[in-house]
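Structure assessment
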Amino acid sequence: MASHFRSYIWDPVLIISQIVLMQCIYYSFLGLWLVGVDSLVQVRPNRSLDQIFSYEVLGFSTVQGRLSMMAFILNSLTCALGLWFFIRRGKQCLDFTVTVHFFHMIGCWIYNSHLPAALAWWLVNMACIALMAVIGEYLCMRTELRAIPVNSGPKSNL
């Protein structure tokens with residue numbers, strides 16, 4: 001008889017709900033980080049969807065571009081915590097990370113009517129994918145590898 005320890009059961013409803021949850025975490029915390037970073041340095045930008053979806057906002061040459069890049073990087077750390085709390089499997093962290101960023105790329109494509117062409121956008125998103133996947137996987141693996149307590153006390157009432 002095969003062991004069922006950590007067996008994986010195909011559950012498309014669970015997977016789709018986790019994807020939707022991670023997408024909600026991604027955009028809600030990205031919005032909070034953008035507002036927080038903007039207010040921290042007393043910058044009054046046009047708060048719009050451009051800060052999230054327009055690839056032209058990200059850049060090294062302007063203060064607003066660097067602040068937006070910082071918000072994206074901080075958001076990847078927050079999403080890594082989301083992977084740890086809600087996905088809980090180290091081997092699925094990269095899958096969910098790439099899925100979240102793939103849907104973000106599709107959203108940017110639809111919003112701008114073409115694929116992002118700025119090198120800064122691609123660099124920031126590759127760095128965010130790497131950070132979110134590695135930190136999320138580290139946190140999940142640390143939890144998965146935690147010692148299972150075994151009661152070594154005397155057995156009674158057998």
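What comes next is a walk through the structure. (Residues numbered from 1 in each chain as written. Predicted model: local features only at pLDDT ≥ 70, side-chain atom pairs only at ≥ 80, totals over all residues. Heavy atoms only, no water.)

As enumerated under the stated definition, the model contains 0 disulfides in all. Cysteine C128 is unpaired, with the sulfur of C79 as its nearest cysteine sulfur at 8.9 Å. A residue is classified by how much of its surface remains accessible, and C128, at 1% relative accessible area, is buried. No disulfide involves C140; its nearest neighbouring cysteine sulfur is the one of C93, lying 3.6 Å away. What makes C140 buried here is its relative accessible area of 1%. (Disulfide = S-S within 2.5 Å. Buried < 20%, exposed > 50% of the residue type's maximum accessible area, 1.4 Å probe, protein only.)

With that out of the way, let us pick up the packing of aromatic side chains. By the definition in use, this model includes 6 aromatic pairs. Centre to centre, the rings of Y26 and Y27 are 5.1 Å apart; their planes meet at 80°, and the pair counts as edge-to-face. Their ring planes at 45° and their centres at 5.5 Å tell us that Y27 and F53 sit as a pair that is tilted. Taken together, the positions of Y27 in helix α1 (residues 12-40) and F53 in helix α2 (residues 50-53) put the pair 26 residues apart, joining distant regions of the chain. Under the relative-accessibility criterion, Y27 is labelled partly exposed at 21%. Ring pairs connect the aromatic residues Y26, Y27, F53 and Y111, which therefore count as one cluster. (Phe/Tyr/Trp six-rings, centres within 6.5 Å; stacked < 30°, edge-to-face > 60°. Helix = DSSP H or I, 4+ residues; strand = E, 2+ residues; numbered from the N terminus.)

What follows covers the packing of helix α3 (residues 63-87) against helix α5 (residues 119-144). Taken N-terminus to C-terminus, the directions of α3 and α5 make an angle of 25°; their axes are 8 Å apart at the nearest point. Considered as vectors, α3 and α5 are oriented roughly parallel to each other. As α3 runs across α5, the sense of the crossing is right-handed. Contacts between α3 and α5 involve M69, F72, I73, S76, L77, C79, A80, L81, L83 and W84 from the former and V124, A127, C128, L131, M132, I135, G136, L139, C140 and T143 from the latter. Looking at the contact of α3 with α5 residue by residue, the class counts come to 17 nonpolar, 3 polar and no charged. (Axes fitted to C-alpha atoms, helices over the stretch in contact; angles between N-to-C directions. Parallel < 35°, antiparallel > 145°, perpendicular 65-115°, else oblique. Left-handed = near helix turned anticlockwise from the far one by under 90°. Contact = heavy atoms within 4.5 Å. Nonpolar A, V, L, I, M, F, W, Y, C, P; charged D, E, K, R; others polar.)

It is worth spelling out the side chain of T97 at this point. Along the chain, the position of T97 falls in helix α4 (residues 93-112). The buried category is assigned to T97, whose relative accessible area is 0%. Residues contacting T97, with those up to four places away along its chain left out, are L83, I129, M132 and A133.

The subject of this paragraph is the packing of α3 against α4. Contact geometry of α3 with α4 gives a least axis separation of 11 Å together with a crossing angle of 135°. Classified by the angle between their axes, α3 and α4 sit oblique to one another. Where α3 crosses over α4, the two elements pack in a sense that is right-handed. Of the residues in α4, those in contact with F72, L83 and I87 of α3 are C93, F96, T97 and H104.

Quick look at the environment of L67 now. Along the chain, the position of L67 falls in helix α3. As for L67 and V37, which are separated by 30 residues in sequence, their C-alpha atoms are 6.5 Å apart.

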